[in-house]
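# Structure at a glance
The primary structure of each chain is shown beneath.
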Amino acid sequence: MATIGMHFGHDAGAALTDADGYRVIEAERRLGLRHVCGGNGDFPRAAAEWLAELRERAASPVTGIAVADWYTPMCQVLPPALVELVNEDARWTATGGTGLADAVTRVIKPLDWPPAKGFGDITLTAVRHHYAHAALAYYTSGARKALVLALDGTANYAECGMVCLGDGDQLTPVMSFTNRTGPRFGLVYEALARRVHGSQFDTGKLLGLTATGECDASLLPVLRAMLVPQSARRASPDLFEPLDEDRLTGTALRYADTWWEYDPHSGGYLDAGLADSSDDDVVHSFGSVFPDEIRTADGRTTAVGTSPDERVCRDLAATLQTAVERDLTRLATGISRRFPSYTTLCYAGGCALNITANSRLAECGQFTRVSIPTCCDDSGIALGAALAAADPADRPALLNGSRSTPLAYAGPPLEGLDTADGDDVAPDGGLARRLAGLGLSLYRPADDEEFLQSVADLLAVRRCVAWLEGGLETGPRALGHRSLLVSAHWSGARRYVSQTIKRREWFRPVAPICPEEVAEQYFTGPLDHTETMLFAVRVRPDRARQLAEARHIDGTARLQTVRRDAQPLLHGLCHAVAARTELPVLINTSANGGGRPILNHLDEALELLTETELDAVVLPERRLIIE
């Protein structure tokens, strides 16, 4: 049987799981609006179409629909029973103790919910937001026993995280975290991102900015007290490191005209004032507003800027990143020591997109493996909800290890290219005529070898190509299916692809792609975790000059390693380029224009080709090169 999942909050979408695999539909890529939620005007009609599409693609009848409980009141397609559950059932809002296990999934009635009518007799299940994150991380990892951690900005009830234990087909919640007590990794990161870059969704930009600043030792304890107040640190010293009170006494935060002094009782700043406030007020106060000024224990005051070009913003970003890495590592290792028989860590939630912090977890020595799904942020909530509610037989059978998971490319194939025969690409074929009307040419090499040599020729002479292959990636990373590629061998390559073509900020990193078997010649770090660009590695010092275009300012790289058996054409392309440039490393970034979702339609690719400095669109499965 098959189960469909739906998510109505930001990064909304729908997904399917059955014994044959996964199908993931991310709303932003269908509606062309980043981080779209269920309150978008086009969402109700589109959601009905997605449900019908997934039902049609299912290998077996759909017997269940799971809906995540994170929602927007503006959404017109919410099940009424879900609204009632979240707003009125106090048991569902339990955040710990014995009540948590009963508040992560709940069968609800599909009455008065139009989307359910087309499915006949189905089971409708509500799934708690962070439990959906945890289910995604565990059930797609291939592990049969794992410690599972979910951390993000916030969900309902000010909840910001959950810990579960995965044993076989069972996933049992054992801990819940709230933004009232921390850890507020996601919220504080979002607040500074909003301050510096203008949006809570700019945390990725803020992470890139961290490499351009330096950690300020006097600001560090203040930011750590914002993340986790001393009261929580004292209560659970095995999870949160208590801070030196001498470095906090006299510190304060200014919001507008009000200074909030450090409060020794709560061990924080806003904490005492928000003790009796609503959950929404707590989330807003920590996640939407970053202090205007910070006073440190030595009496120095630091005015917080509002631009990535300001040194103070860069140093604050670097300091906050240091604080997050220290406290996250302490938290994860502390949880692991409470449950010592679980040596694999499955990790999800928006915080799991912090690749440098992820590397700290991989290299801390506490875990034999750290597994993070590609759609670890809210784009994977729909699938997580489906996996949480599905019968074990409805989950694809996975071997141990990430190399067996089909999740990374579980999105739909490229749209807009008719499944026509070879005549379509002939001089008088439909596609050829269409391209000629745009002033573009079409070339089809005779075989894969000639195709790879032709694309390598373009890259070797400093051209940039859009490489569009197979199913769309799930999550925010382009992993060689919807990628812009340029060779890393020439000076200016990074600027060309990132700033000239995509018009991105100067401090944004690009990502190298390298064949797995030669990666250790160029990089160091957790190279056994580098298939999906969710961990940072370091460029070898003796390769720093050669890889100047592919590494970040701090010498790290968001590496993707590729294997011949998994991605034979992309793997072969790396070696074909190396035959010309003596470097088997390509620079990769997502195929999209500035501020737009990753593309998944040929028309969008052609628009990028005709309206930017992009040099070619290549379709490996068709052996087509469009210039």
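Residues numbered from 1 in each chain as written. Predicted model: local features only at pLDDT ≥ 70, side-chain atom pairs only at ≥ 80, totals over all residues. Heavy atoms only, no water.

## Quick look at the pairing of strand E4 (residues 62-68)
The element E4 is extensively covered by neighbouring structure, given that six of its seven residues are classed as buried. As paired elements, strand E1 (residues 2-7) and E4 share five bridges and run parallel to each other. Each bridged residue has a counterpart across the sheet, and for Ile4 the counterpart in E4 is Ile65. Two strands pair when backbone bridges link them, and E4 and strand E6 (residues 123-127) are joined in this way by five bridges, in the parallel orientation. Along E6, the bridge assignment pairs Ala68 with Val127. (Buried < 20%, exposed > 50% of the residue type's maximum accessible area, 1.4 Å probe, protein only. Helix = DSSP H or I, 4+ residues; strand = E, 2+ residues; numbered from the N terminus. Pairing = 2+ DSSP bridges.)

## Concerning the pattern of salt bridges
Under the definition given, this model contains 35 salt bridges. Put simply, Arg233 and Asp327 hold a salt bridge, and the shortest N to O gap is 2.8 Å. Here Arg233 is found in helix H9 (residues 230-235), whereas its partner Asp327 is found in helix H11 (residues 311-338), with 94 residues between them in sequence. Accessibility assignment for this pair places Arg233 and Asp327 in one class, buried. We note a salt bridge from Asp565 to Arg563, for which the minimum N-O separation is 3.0 Å. Judged by relative accessible area, which is 62%, Asp565 ranks as exposed. Bridged by salt links that share partners, the residues Glu26, Glu28, Arg29 and Arg34 form one connected network. (Salt bridge = Lys/Arg side-chain N within 4 Å of Asp/Glu carboxyl O.)

## Remarks on the sheet that holds strand E20 (residues 523-524)
Read across the open sheet, the three strands follow the order E20-E21-E22; overall the sheet is antiparallel. Sheet topology places E20 and strand E22 (556-557) at the edges, where each strand pairs with a single neighbour. Where E20 and strand E21 (residues 537-539) come together, two bridges link them in antiparallel fashion. Pairing of Phe523 across the sheet is with Val539, part of E21.

## Description of unusual backbone geometry
Across the junction of Gly182 and Pro183, the peptide omega takes the value 10°, indicating a cis bond. Checked against the element boundaries, Pro183 lands in the loop between strand E9 (170-178) and helix H6 (185-197). Phi at His35 is positive, roughly 60°, even though this residue is not glycine. Look at His35 and you get buried, because its relative accessible area is 19%. One non-glycine residue with positive phi stands out, namely Glu582, at about 65°. With respect to the secondary-structure elements, Glu582 resides in the loop between helix H17 (568-581) and strand E24 (586-590). Judged by relative accessible area, Glu582 falls into the exposed class, the value being 66%.

## What about helix H14 (residues 430-437)?
Owing to its 3.6 residues per turn, the α-helix brings residues three or four apart onto one side. Taken as a whole, H14 has its buried residues at Leu431, Ala432 and Leu435. Each buried residue of H14 lies within a common arc of 100° when the element is viewed along its axis, so the set occupies one face. Exposed and oriented more than 90 degrees from the buried face of H14 are Arg433, Ala436 and Gly437. Residues of H14 that are buried make contact with strand E16 (442-443), helix H18 (602-611) and strand E26 (624-626). Taken from the residues just after H14, Gly439 is the one with a positive phi, measuring 80°. (Arc of directions from axis to C-beta. Contact = heavy atoms within 4.5 Å.)

## A few points about the packing of aromatic side chains
A complete count under the given rule lists seven aromatic pairs for this structure. Ring centres 6.4 Å apart and planes at 65° place the aromatic pair Phe8 and Phe43 in the edge-to-face group. Remark: Phe43 occurs in helix H2 (residues 43-57) and Phe8 occurs in the loop between E1 and strand E2 (13-18); sequence separation between them is 35 residues. Owing to a relative accessible area of 0%, Phe43 belongs among the buried residues under this scheme. Relative to Tyr496, the ring of Trp490 has its centre 5.9 Å away and its plane inclined at 55°; by these criteria the two rings are tilted. Tyr496 shares its class with Trp490; the two are buried. Here the aromatic cluster, defined as three or more aromatic residues joined through ring pairs, consists of Phe8, Phe43 and Trp50. (Phe/Tyr/Trp six-rings, centres within 6.5 Å; stacked < 30°, edge-to-face > 60°.)

## Brief notes about the confidence of the model for the protein chain
For the protein chain, the mean per-residue pLDDT works out to 93, and 97% of the residues sit at or above 70. Confidence over residues 400-404 falls short of pLDDT 50; this stretch has 14 contacts with residues more than four positions distant or in other chains. Predicted confidence is poor over residues 419-423, with pLDDT under 50, and the contacts of this stretch with residues over four places away or in other chains come to four contacts. (pLDDT = per-residue confidence, 0-100.)

## A few points about the packing of H6 against helix H10 (residues 279-287)
A pair of packed helices is characterised by two quantities: the angle between their axes and the separation of those axes. Their axes nearest at 7 Å, the elements H6 and H10 cross at an angle of 55°. Judged on the interaxial angle alone, H10 and H6 are oblique. The segment H6 lies against H10, with Leu187, Val188, Glu190, Ala191 and Arg194 engaging Val283, Phe286 and Gly287. A per-class count over the contact of H6 with H10 returns five nonpolar, one polar and two charged. (Axes fitted to C-alpha atoms, helices over the stretch in contact; angles between N-to-C directions. Parallel < 35°, antiparallel > 145°, perpendicular 65-115°, else oblique. Nonpolar A, V, L, I, M, F, W, Y, C, P; charged D, E, K, R; others polar.)

## Considerations on the side chain of Arg482
Mapped onto the fold, Arg482 is located in strand E18 (residues 482-487). Buried charge without a salt bridge: Arg482, with Glu473 as the nearest opposite-charge side chain at an N-O distance of 5.2 Å. There is a polar contact of 2.8 Å between the side chain of Arg482 and the backbone oxygen of Gly470. (Lys, Arg positive; Asp, Glu negative; His and termini not counted. Polar contact = N/O pair within 3.5 Å; in protein donor to acceptor, adjacent residues only side chain to side chain.)

## A few points about the sheet that holds strand E23 (residues 560-562)
With respect to topology, eight strands assemble into an open sheet ordered E16-E26-E25-E17-E18-E24-E19-E23, the strand pairing being mixed. The two strands at the open ends of the sheet, each matched to only one other strand, are E16 and E23. When strand E25 (residues 616-619) meets E26, the two strands line up antiparallel, connected through three bridges. Directly across from Val618, in E26, lies its bridge partner Ile625. Sheet strands touched by H18: strand E17 (465-468), E18, E25 and E26. Its angle to E25, the strand with the most contacts, is close to 150°.

## A word on the nonpolar core
Residues Phe177, Phe290 and Tyr347 are the most contacted members of the largest nonpolar core, which totals 109 residues. Among the elements that take part in this core, H11 stands out by supplying eleven residues, more than any other. Here Tyr347 is in contact with Ala137, Leu149, Leu151, Leu328, Ala352, Asn358, Leu361, Ser371, Ile372 and Pro373, once residues within four sequence places are set aside. The next biggest cluster of nonpolar side chains, apart from the first, holds 43 residues, and it includes Val537, Leu583, Ile587 and Leu602. (Core = buried A, V, L, I, M, F, W, Y, C linked by side-chain atoms within 4.5 Å.)

## Side note on the pairing of E9
The pairing of strand E8 (residues 159-167) with E9 spans eight bridges and is classified as antiparallel. Within E9, the residue paired with Val163 across the bridge is Met175. Hairpin connection of E8 to E9: two residues between the antiparallel strands, including Gly168 at a positive phi of 60°.

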